[in-house]
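Fold and contact review
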Amino acid sequence: MNKSKNAPIGSDGEITESDMELINKYSRKKLSREDVYTFSVVLCDNDVDRDHEYFTVDTLQKLAEMFVGVTGIYDHEPSAKNQVARIYECKCERVEGKKTALGDDYFRVVAKAYIPVCGSTDEIISLLDSGIRKEVSVGCGIGKCTCSVCGANMRDHECTHIRGERYGGKLCCGVLSEPTDAYEWSFTAVPAQRKAGVIKSLYHDVYKDADAMQRAAIQNERFRSYLILETVKAGVTAQSGINSELLEKMVSGLCADDMIKLKTLFEERASKMYPARSQLDLGSSDNNREYTNSEYSI
Ligand SMILES: [Zn+2]
């Protein structure tokens with residue numbers, strides 16, 4: 001099942017006793033179920049990202065521990081009023097049957113977060129409920145970045161391999177390990193501006209189980225339009241040979257579930273064509289370079 005991308009976001013539904021116990025660890029006054037809204041979010045994974053870097057599984061496991069208790073900000077405004085959600089549970093999990101671009105088993109860090117229900121959080125809660133995809137970014141300190149080709153320390157430029165290039169068929173990536181700190185996570189309704197401090201952005205989404213995803217997809221016309229657009233984009237990137245206008249007509253006739261399947265097929269095809277991720281995904285290369293060379297706080 002592919003549900004870590006383009007998944008709508010929303011409440012986790014039933015809030016259990018154990019959820020409340022964990023949540024109340026972080027609250028000054030004792031909260032009850034009615035006082036909180038909970039949701040799940042994929043924070044990061046071990047797939048190769050737009051900067052041609054990936055976290056090791058061991059790093060993800062450590063990050064999952066570090067992110068417990070960390071507040072999430074909305075819209076990248078690190079002011080107190082925007083720190084609306086707090087992670088109360090976090091784990092690293094393997095997604096059955098899914099592989100990374102490098103062919104390894106796919107792991108991801110999934111967090112459960114809560115938002116206090118009060119007047120000032122109405123807007124964000126309804127946005128989370130709307131099923132629109134959001135971009136999730138995490139900010140963390142990483143101790144080590146090594147070259148996937150030769151194992152050299154990439155920060156000290158110990159080798160001349162270039163991220164995103166292939167050497168003897170092997171893709172060069174920065175392998176991120178030894179996390180030192182998990183300091184923030186954020187979600188935005190629009191793609192994040194890349195800037196120092198909030199660095200490791202993943203087009204990974206707050207996600208839900210398949211049923212909720214389907215329900216929301218059916219109910220939510222905005223999500224549907226979004227999905228049509230993304231599927232067409234994926235088809236064009238994968239060079240499906242069908243022009244975008246025709247593709248849009250075809251996709252529009254599909255149910256959300258089939259669109260997701262089709263989109264996944266296109267993405268798989270594209271990732272075979274561009275194993276290092278398409279340039280289309282990279283934004284301006286200058287930006288990336290600036291990024292790579294900036295002080296290493298991902
Ligand atoms: Zn190297």
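Residues numbered from 1 in each chain as written. Predicted model: local features only at pLDDT ≥ 70, side-chain atom pairs only at ≥ 80, totals over all residues. Heavy atoms only, no water.

A separate point is the overall build of the chain. Counting its secondary structure elements, the chain contains eight helices and 10 strands. Of all 298 residues assigned to the chain, the portion counted as buried reaches 51%. The contacts of the chain with a sequence gap of at least 6 include a subset with a gap of at least 24, amounting to 74%. A total accessible area of about 14600 Å² is found for the chain, and carbon and sulfur atoms account for 50% of it. (Helix = DSSP H or I, 4+ residues; strand = E, 2+ residues; numbered from the N terminus. Buried < 20%, exposed > 50% of the residue type's maximum accessible area, 1.4 Å probe, protein only. Contact = heavy atoms within 4.5 Å. Areas by Shrake-Rupley, 256 points an atom, 1.4 Å probe, with all protein chains shown as cover.)

As a further point, take the nonpolar core. Judged by nonpolar contacts, the single largest core of 40 residues is most densely connected at F39, L43, F67, W185 and F187. If you list the elements that add at least two residues to this core, you get strand 1 (36–45), helix 2 (57–66), strand 4 (83–99), strand 5 (105–116), helix 3 (122–129), strand 6 (135–147) and strand 9 (174–188). The element contributing the most residues to this core is strand 6, with six residues. Membership of the second largest hydrophobic core comes to 13 residues, among which are I228, A234, V251 and F266. (Core = buried A, V, L, I, M, F, W, Y, C linked by side-chain atoms within 4.5 Å.)

Coordination of the zinc ion by the protein comes from C147 (SG), C150 (SG), C159 (SG) and H161 (ND1), over a distance range of 2.1 to 2.3 Å. Of note is the zinc ion, whose four donor atoms meet at the metal with angles of 104 to 114 degrees in an arrangement that counts as tetrahedral. What makes C147 buried here is its relative accessible area of 3%. (Donors = N, O, S within 2.8 Å, 3.2 Å for Na, K, Ca; no water. Tetrahedral: all angles 85-135°; square planar, octahedral: opposite > 155°, others 65-115°.)

What follows deals with the confidence of the model for the chain. On average, residues of the chain score 75 in pLDDT, and 71% of them reach the 70 mark or higher. Within the chain, strand 10 (residues 200–202) has the poorest average pLDDT of any element, 35, and helix 2 the best, 97. Low pLDDT (under 50) marks residues 190–219, which in the prediction has 101 contacts with non-local residues, meaning those over four places away or in another chain. Ignoring residues within four places in sequence, the model shows residues 277–298, a span with pLDDT below 50, making 40 contacts including any to other chains. (pLDDT = per-residue confidence, 0-100.)

Overall, the coordinates contain three aromatic pairs when judged by the stated rule. Here Y37 and F39 contribute two aromatic rings whose centre-to-centre distance is 6.3 Å and whose plane-to-plane angle is 40 degrees, an arrangement assigned as tilted. An aromatic cluster of three or more residues is present, and its members are Y37, F39 and W185. Taking NZ or CZ as reference, K98 lies 4.4 Å from the ring centre of Y106, over its face. (Phe/Tyr/Trp six-rings, centres within 6.5 Å; stacked < 30°, edge-to-face > 60°. Lys NZ or Arg CZ within 6 Å of the ring centre and 35° of its normal.)

Right, let's talk about the side chain of T237 for a bit. Among the secondary structure elements, T237 is positioned in helix 5 (residues 221–237). At a separation of 2.8 Å, a polar atom in the side chain of T237 contacts the main-chain carbonyl oxygen of K233. (Polar contact = N/O pair within 3.5 Å; in protein donor to acceptor, adjacent residues only side chain to side chain.)

Turning next to the environment of T121. Mapping T121 onto the fold places it in the loop between strand 5 and helix 3. On the basis of relative accessibility, which here comes to 4%, the residue T121 falls in the buried class. Taking the C-alpha atoms as reference points, T121 and Y37, 84 residues apart in sequence, are found 9.7 Å from one another. In this view, T121 contacts V84, I115 and P116; residues no more than four positions away in its chain are not counted.

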